[in-house]
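Each chain is listed here by its residues.
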Amino acid sequence: MNNNFTISGFSDEISENINEQFEHLTKLGIKHFEIRGVNGKNISELTEEEAQEVKKLADSYGISVSSIGSPIGKIKIDEPFEPHLELLAHVIKLAKIFDTKYIRVFSFWVPQNEDATKYRDEVIVRMKKMCALAEKEDIILLHENEKKIYGDIASRCKDVLDSVNSPNLKAVFDPANFVECNQQTYPEAYELLKDYVVYIHIKDATDLGKVVPAGMGLGKIPELLSRFKNDGYNGFLSLEPHLNLFTGLASLQDDTTAIENKLNGPDAFTLAYNSLNKVLETI
C-alpha cells in the first residue's frame, strides 16, 4: 500500500489453483486480487455457487477482489453479440457476489488488414448496450487498451469513452499494451485518457514486444505513476506480469511468443511485485 496506490494483481499467473494464489498473495502481503482464472476456469465460466465458495475462501484469507478480469468484449466485431451480452449479465452477477464495482472489458477485435474506423459505429453501439446493463446494476466497466481491438491506441480509446459518454464506462491504463501498439504512453496516452483512468495495469514491454518487469521497458511506468500520483490518482495498481506461460493465456490472446522467461508462476509474480515496489520507492 502506497498513499495513492493499492496493489492488486492477476493472481492466476501465480497458479491456476485458487488456494495457491491466496497463499502466495498472503506471503507477499497483498490484500487484493483481480480475479480472472480459478482452478483452470475463466471467471466468466464460474457458476454463482462456485463464485460464492471462492468469495468465502478469499474472505478467510482477508483478501478482496479489486476487479473482475473478464473477457467481455474480446470477441470479433462481426461475431454475434447477444450471447456475449448475456454473458456480461452473468459476470455482473458474479461482480455482486465478489463485492466489486469494477469489470474489465474490451472493445472487440477488428480485422487487422482493414481500417479499424470502418467498425467504429458497431463498436459504439455494442459498448452502449454493455453500459446500459452496467448502469442498471451500478457497475463500472473498465475499458482496457488491448492490442488488436478497436480501442488499442489512445485516440480510439478516447473515442470510445467520449462517444459512449457514460459514468459507468471508465479506463484501465495498460502501458505494455500501448508499447506493443507503438503508442507513446507518456505524455501522449496519459494526456488523452487521464480524465477517464480509474485503474492501472502494471505490465511493461520492450520495442521488440517482449514483456518485462515494471520499469525495464518502454512503458515509462515511473513517469506515469509519478504523474498519476501528483494528479491525485487514488486506486489500484494491478500486477499483470506476463513473465511466464500460465494456464489460460492462449485463450486470452493470440500471441504468446513475447513471453520467453522460464520463471515459475510464484517467482514471476514475486519479481513483478518487487519491481513495482522499486518503482514506487523512486517516486
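See the structure shown above.
Residues numbered from 1 in each chain as written. Predicted model: local features only at pLDDT ≥ 70, side-chain atom pairs only at ≥ 80, totals over all residues. Heavy atoms only, no water.

Caption draft 1: Inspection of the overall build of the protein chain at higher detail. Within the protein chain, the regular secondary structure consists of 10 helices and 12 strands. In terms of overall dimensions, the protein chain is globule-like: its C-alpha atoms have a radius of gyration of 17 Å, near the 19 Å expected for 283 residues. Each of the three principal axes of the protein chain carries a C-alpha extent, and together these read 45 × 45 × 35 Å. Evaluated residue by residue, the protein chain yields a buried proportion of 57% over its 283 residues. (Helix = DSSP H or I, 4+ residues; strand = E, 2+ residues; numbered from the N terminus. Rg over C-alpha atoms; globule rule 2.2 N^0.38 Å. Buried < 20%, exposed > 50% of the residue type's maximum accessible area, 1.4 Å probe, protein only.)

Caption draft 2: Region of interest: the nonpolar core. One finds M130, L141 and L225 to be the most contacted residues of the largest nonpolar core, which totals 80 residues. Residues in contact with L225, not counting those within four places in the same chain, are F5, I200, I202, L237, L276, V279, L280 and I283. Core analysis: the second largest hydrophobic core is formed by 6 residues, Y102, I140, Y199 and F236 among them. (Core = buried A, V, L, I, M, F, W, Y, C linked by side-chain atoms within 4.5 Å. Contact = heavy atoms within 4.5 Å.)

Caption draft 3: Here's a closer look at the pattern of salt bridges. Applying the stated criterion to the full structure yields 20 salt bridges. D231 is paired through a salt bridge with R227; the nearest N and O atoms lie 2.8 Å apart. Given a relative accessible area of 44%, D231 falls into the partly exposed group. Overlapping salt bridges bring together D12, E13, R36, D174, K203 and E240 as one network. (Salt bridge = Lys/Arg side-chain N within 4 Å of Asp/Glu carboxyl O.)

Caption draft 4: Region of interest: unusual backbone geometry. Geometrically, the link from Y186 to P187 is a cis peptide bond, its omega value of 10 degrees lying close to zero. Note on placement: P187 falls in helix α7 (residues 185–193). Despite not being glycine, D99 shows a phi value in the positive range, around 60 degrees. With respect to the element layout, D99 can be found in the loop between α3 (82–97) and β6 (102–105). Within the chain, F108 stands out as a residue other than glycine whose phi angle is a positive 75 degrees.

Caption draft 5: The packing of aromatic side chains, seen in detail. Enumeration over the complete set of coordinates arrives at 11 aromatic pairs. Look at F5 and Y233: their rings are 5.9 Å apart centre to centre, the planes differ by 40 degrees, and that puts the pair in the tilted class. Of the two residues, F5 sits in strand β1 (residues 5–9) while Y233 sits in the loop between α8 (221–230) and β12 (235–239), which places them 228 residues apart along the sequence. A relative accessible area of 1% means that F5 is categorised as buried. Taking relative accessible area as the criterion, Y233 reaches 8% and is therefore assigned buried. Aromatic pair F81 and F108: ring centres 5.9 Å apart, planes at 75 degrees, arrangement edge-to-face. (Phe/Tyr/Trp six-rings, centres within 6.5 Å; stacked < 30°, edge-to-face > 60°.)

Caption draft 6: Highlighting the pairing of strand β2 (residues 32–35). Burial along β2 is two-sided: H32 and E34 and F33 and I35, pointing in opposite directions, are all buried. Where β2 meets strand β5 (residues 64–68), 4 bridges bridge the pair, whose relative direction is parallel. If you follow F33 over to β5, its bridge partner there is V65. (Pairing = 2+ DSSP bridges.)

Caption draft 7: Expanded view of the pairing of β6. Neither face of β6 is open: one carries Y102 and R104, the other I103 and V105, and all of them are buried. Note that β6 and strand β7 (residues 140–144) share 4 bridges and pair parallel. By the bridge assignment for β7, Y102 is matched with I140. Each parallel crossover has a hand, and for β6 linked through helix α4 (residues 120–137) to β7 it is right-handed. (Right-handed = clockwise from strand over helix to strand, strands pointing away.)

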